[in-house]
Amino acid sequence: MTIDRDILTMCNGCGLCEALCPGVSIQLQDDGFYRPHASSVSPSDMERIRKVCPGLNVVNHTGGNRSIWGDVARVCNAWASNPDIRHNSSSGGVTSALAIYLLESGKVDAVLHVGTDEDGNYKSNHLCVSRTREDVLKRNASRYAPAQVFNEIKTILDSDSATYAFIGKPCDIAGMQNLVNACPQYKDRIVCYLAIFCAGIPSFRATEQAIDTLGHDVPVASVRYRGDGWPGYFTVTYTDGSTRRMTYNDSWGKILGKRLAFRCKVCPDGIGLLADISSGDAWHTRNGYPDFTEGEGRNFCFIRTQRGERLMREALEAGYIEEEPLDISQVEHMQRYQHTRRKEVGWRIAAAWVMSGFKVRFHGTGWQRNAMRINPWRGIRILLGSARRYRQQKRGLQTK
């Protein structure tokens, strides 16, 4: 049998199916997204993919989630104490600082997170193993493009007995936890989950469009999506040594954020519900909306578990991070897009749930409860539009 078309429709290109099922390979498609390909998949492998695919399965086992932001033990603003880490990271550098603390304190042997090849090729985003401060800092800052996260995960985990911290987008956290549940031998190997707020995965086509907009007809050496300030710039370095850049508002707001994967439109979790700590940009606000004026970076952090609270406290005491109190009500203004999406996405999920033949399992993410926070007539319009787009996406894949 071939790969289920509903899986392809809801695919986020992570590569977990390739890791678990022989004969499946993740390939970059013409639209700039990764999807699995296989000439034939056994029924047992197909069933396994349906159960572990984070495109279809995001399951929060805590049973909480009464807040629109999910389970939150504590919230704060924070940033890396090291000014270079803070400046070079996408936001305040908290995730990088926590990863470095975990390594240098011996609490983990290594960190799993996405990076690029040494040559800086912007299409080489894949899972990397960082064992030193230098490794972490080579791979920090956001990449607004697809990544092969899990296709080599079993090879990595089977190569040693190391313990790891895992850093990823919320759907990556779900994928890793799905893997651990399917393969219990890895359960004690991932000792910490750090999530980064995500508004969606842009196509590589969007990156190419942004590069073309800069109008410099020289081969590209490397692309940096953010960092070197806050929010930082989309910066392209060319083989002749020159650089060109555009603001975050122009790159994300006008180009990258306009070409997202379909799965991102129905995402139940852009805020790291399954992580120990999830963090995003603690934007300064103006008239109730985020202000993207360049400044010193800072993250807001949702500490979701006791393990996360212990990590934040120890990293603070060890001098790796600094923090300040934050009222959770302020996050709505800092992250207005995520706040609105949490209320609207339930209607999109309902459409995907029905259109997929009820294969979507987004349990414990609060989507049904949050959907009731908006006018139901608006919700119905969103549902119908999402059903139409699901059908168009699936039909388009059938013709390729």
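Residues numbered from 1 in each chain as written. Predicted model: local features only at pLDDT ≥ 70, side-chain atom pairs only at ≥ 80, totals over all residues. Heavy atoms only, no water.

K.L.:
Outline the sheet that holds strand β15 (residues 321-325), supporting the account with residue identities and numerical values.
P.N.:
Adjacent strands of a sheet pair through backbone hydrogen bonds, lying either parallel or antiparallel. Spatial ordering of the open sheet is given by β5-β4-β6-β7-β11-β14-β3-β15, a layout of eight strands whose pairing is mixed. What marks the edges here is a single partner per strand, and that holds for β5 (126-130) and β15. Strand-to-strand twist in this sheet, taken as the mean axis angle between neighbours without regard to direction, amounts to 30 degrees. Note that strand β4 (residues 110-115) and strand β6 (residues 164-168) share three bridges and pair parallel. Residue pairing in the sheet places Ala-110 in a bridge with Tyr-164 of β6. Most of the contacts of helix α8 (residues 170-182) go to strand β7 (residues 190-196), to which it runs at about 155 degrees, and overall it touches β4, β6 and β7. (Pairing = 2+ DSSP bridges. Helix = DSSP H or I, 4+ residues; strand = E, 2+ residues; numbered from the N terminus. Axes fitted to C-alpha atoms, helices over the stretch in contact; angles between N-to-C directions. Contact = heavy atoms within 4.5 Å.)

K.L.:
Kindly report on a positive patch on the surface, identifying the contributing residues and their values.
P.N.:
Positive charge collects at one region of the surface, where Lys-265, Arg-388, Arg-389, Arg-391 and Arg-395 lie side by side. Ranked by residue count, the leading element in the positive patch is helix α16 (residues 376-398), at four residues. Inspection of the secondary structure assignment puts Arg-395 in helix α16. For Arg-395, a relative accessible area of 49% puts it in the partly exposed group. (Patch = residues over 30% accessible without salt bridge, like charges linked within 9 Å, V, L, I, M, F, W, Y side chains within 5 Å. Areas by Shrake-Rupley, 256 points an atom, 1.4 Å probe, with all protein chains shown as cover. Salt bridge = Lys/Arg side-chain N within 4 Å of Asp/Glu carboxyl O. Lys, Arg positive; Asp, Glu negative; His and termini not counted. Charge placed at Lys NZ, Arg CZ, Asp CG, Glu CD. Buried < 20%, exposed > 50% of the residue type's maximum accessible area, 1.4 Å probe, protein only.)

K.L.:
Describe the layout of surface pockets, and please don't skip the residues or the numbers.
P.N.:
Roughly 1200 Å³ of internal volume is contained in the largest pocket. What lines the largest pocket is a set of 50 residues, among which Ser-142, Tyr-144, Ile-196, Phe-197 and Arg-226 lie closest to the centre. When residues of the lining of the largest pocket are traced back to their parent elements, those giving at least two are α5 (94-104), β4, β6, α10 (248-254), β11 (277-281) and α14 (336-355). No other element matches the four residues that α10 contributes to the lining of the largest pocket. The volume enclosed by the second largest pocket comes to roughly 460 Å³. Looking at the second largest pocket, it is lined by 17 residues, and the ones nearest its centre are His-61, Gln-177, Tyr-193, Leu-274 and Arg-307. Take the lining of the second largest pocket: its biggest share by element is three residues, from α8. Counted by class, the lining of the second largest pocket contains six nonpolar, six polar and five charged residues. (1 Å grid on protein atoms, 1.4 Å probe; cavity = no way out; pocket = protein on both sides within 12 Å on 5 of 7 lines; lining within 4 Å. Points joined across faces, edges and corners; volume = space filled by probe spheres on them. Nonpolar A, V, L, I, M, F, W, Y, C, P; charged D, E, K, R; others polar.)

K.L.:
Explain the sheet that holds strand β10 (residues 243-247) to me, and be specific about the residues and the numbers.
P.N.:
Pairing in this open sheet of three strands is antiparallel, and the strands run β8-β9-β10 from one edge to the other. At either margin of the open sheet sits one strand with a lone partner, and together these are β8 (220-224) and β10. Averaged over all neighbouring strand pairs, the angle between strand axes comes to 15 degrees, with direction disregarded. Bridge count between strand β9 (residues 233-238) and β10: five bridges; the pairing is antiparallel. Among the inter-strand pairings, Thr-237 is bridged to a residue of β10, identified as Thr-243. In the packing of helix α9 (residues 204-214) onto the sheet, the strands contacted are β8, β9 and β10, and the crossing angle to β9 comes to about 75 degrees.

K.L.:
So what's going on with empty space enclosed by the protein? Which residues, and what values?
P.N.:
On inspection of all chains with the given rule, the structure shows four cavities of 30 Å³ or more. In this structure, the largest cavity occupies an estimated 90 Å³ of space. Every element with two or more residues in the lining of the largest cavity is listed here: α8 and α11 (262-265). Across the lining of the largest cavity, the residue classes break down as seven nonpolar, three polar and four charged. The space that makes up the second largest cavity amounts to roughly 80 Å³. Cys-11, Cys-14, Gly-15, Cys-17 and Cys-53 are, among the 13 residues lining the second largest cavity, the residues nearest its centre. Looking at side-chain class alone, the lining of the second largest cavity contains nine nonpolar, four polar and no charged residues.

K.L.:
Give me the lowdown on the nonpolar core, citing residues and values where you can.
P.N.:
One finds Phe-166 and Phe-234 to be the most contacted residues of the largest nonpolar core, which totals 95 residues. Aside from chain neighbours lying at most four places away, what touches Phe-234 is Thr-207, Ala-210, Ile-211, Leu-214, Val-223, Arg-224, Tyr-225, Arg-244, Arg-245, Met-246, Ser-251 and Leu-256. If you look at the next biggest cluster of nonpolar residues, it comprises 27 residues, including Val-94, Leu-98, Leu-102 and Val-136. (Core = buried A, V, L, I, M, F, W, Y, C linked by side-chain atoms within 4.5 Å.)

K.L.:
Now, about the packing of aromatic side chains: what can you tell me, with residues and values included?
P.N.:
If you walk through the whole model with that rule in mind, you get 17 aromatic pairs. A centroid spacing of 5.2 Å and a plane angle of 5 degrees characterise the contact between Trp-230 and Trp-283, whose relative ring orientation is stacked. Of the two residues, Trp-230 sits in the loop between β8 and β9 while Trp-283 sits in the loop between β11 and β12 (284-286), which places them 53 residues apart along the sequence. Given the relative accessible area of 1%, Trp-230 is considered buried. Taking the relative accessible area as the measure of exposure, Trp-283 reaches 5% and is therefore buried. Judged by centre distance (4.7 Å) and plane angle (70 degrees), the rings of Trp-283 and Phe-292 are edge-to-face. Taken together, the ring pairs connect Trp-69, Phe-197, Phe-300 and Phe-302 into an aromatic cluster. (Phe/Tyr/Trp six-rings, centres within 6.5 Å; stacked < 30°, edge-to-face > 60°.)

K.L.:
Quick one: what's the story with the pattern of salt bridges, residue by residue and with numbers?
P.N.:
According to the stated counting rule, one finds 24 salt bridges in the structure shown. The partner of Arg-74 in a salt bridge is Glu-309, with the nearest N and O atoms 2.9 Å apart. Separated by 235 residues along the polypeptide, Arg-74 in strand β3 (residues 74-80) and Glu-309 in helix α12 (residues 306-317) bring together distant segments of the chain. What emerges from the salt-bridge pattern is a single network uniting Asp-4, Asp-6, Glu-47, Arg-50, Lys-359 and Lys-394.

K.L.:
So what about α12? Which residues, and what values?
P.N.:
Its twelve residues place the ends of α12 17 Å apart at the C-alpha level, agreeing with the 16 Å of an ideal helix rising 1.5 Å per residue. Those residues of α12 that sit buried are Gly-308, Leu-311, Met-312 and Ala-315. In a view along the axis of α12, the buried residues occupy a sector of 95 degrees, so they form one face of it. Pointing more than 90 degrees away from the buried face of α12 are the exposed residues Gln-306 and Glu-317. Residues of α12 that are buried sit in contact with β3, α5, β7, β11, β14 (299-303) and β15. Positive phi appears at Gly-319, one or two residues downstream of α12, with a value of about 85 degrees. (Expected span 1.5 Å × (residues − 1). Arc of directions from axis to C-beta.)

That's the geometry; what it means functionally is another story.
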